Amino acid sequence: MIKVLLVLHVFVTIALIGVVLIQRSEGGGLGLGGGQGMGSFMSGRGTANLLTRTTAILGTAFFVLSLSLAMLYKGGTAENTAAILNAPAQNAPAVPAPASAPVAPALPQTPADALPPPAAPAVPAPGTPPAQ
């Protein structure tokens, strides 16, 4: 039942988007319908009334279907997997890392971390004369 309503809801949504897009726009938007585009099929006034009535019917159907689907999903049980969030989590088995795998170096957190460490000053070996 839910799947049938969901498919019907998608069709109503697509039809509603199409009907809204072919309406004549007051602000000069898409305005694909009316006037020259419809030819002599209907007058501009008749087309506007038909599209307005169709938009109202599809809008009402959209809201009724939305509320119906919400109520059906709310009344569902935890075993209902129709909702994506109700599906059980699939845990992948943990695979231990091989012991001989090289460890990747950590990425620098700040620009100062990206610089190489400063070189230590050369310390002469004991028993050698200092260089002059």
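Report on the accompanying structure. (Residues numbered from 1 in each chain as written. Predicted model: local features only at pLDDT ≥ 70, side-chain atom pairs only at ≥ 80, totals over all residues. Heavy atoms only, no water.)

Helix and strand counts for the protein chain stand at three helices and zero strands. The helix and strand sequence of the protein chain, counted from the amino end, reads α-α-α. Buried positions account for 11% of the 132 residues belonging to the protein chain. Taking the contacts inside the protein chain whose residues are at least 6 apart along the sequence as the reference set, 63% of them involve residues at least 24 apart. (Helix = DSSP H or I, 4+ residues; strand = E, 2+ residues; numbered from the N terminus. Buried < 20%, exposed > 50% of the residue type's maximum accessible area, 1.4 Å probe, protein only. Contact = heavy atoms within 4.5 Å.)

Moving on to helix α1 (residues 2-22). Its 21 residues place the ends of α1 30 Å apart at the C-alpha level, agreeing with the 30 Å of an ideal helix rising 1.5 Å per residue. Restricting attention to buried positions, one finds in α1 the residues I2, L5, H9, V12, L16 and V19. The arc enclosing the buried residues of α1, seen along the axis, measures out at 105°, which places them on a common side. Among the exposed residues of α1, those oriented more than 90 degrees off its buried face are K3, V4, F11 and I14. (Expected span 1.5 Å × (residues − 1). Arc of directions from axis to C-beta.)

For the rest of this paragraph, the subject is the packing of aromatic side chains. Scanning the model with the defined rule gives one aromatic pair in all. Measuring from ring centre to ring centre gives 5.7 Å for F62 and F63, while their planes differ by 80°; the resulting arrangement is edge-to-face. Owing to a relative accessible area of 23%, F62 belongs among the partly exposed residues under this scheme. Given a relative accessible area of 56%, F63 falls into the exposed group. (Phe/Tyr/Trp six-rings, centres within 6.5 Å; stacked < 30°, edge-to-face > 60°.)

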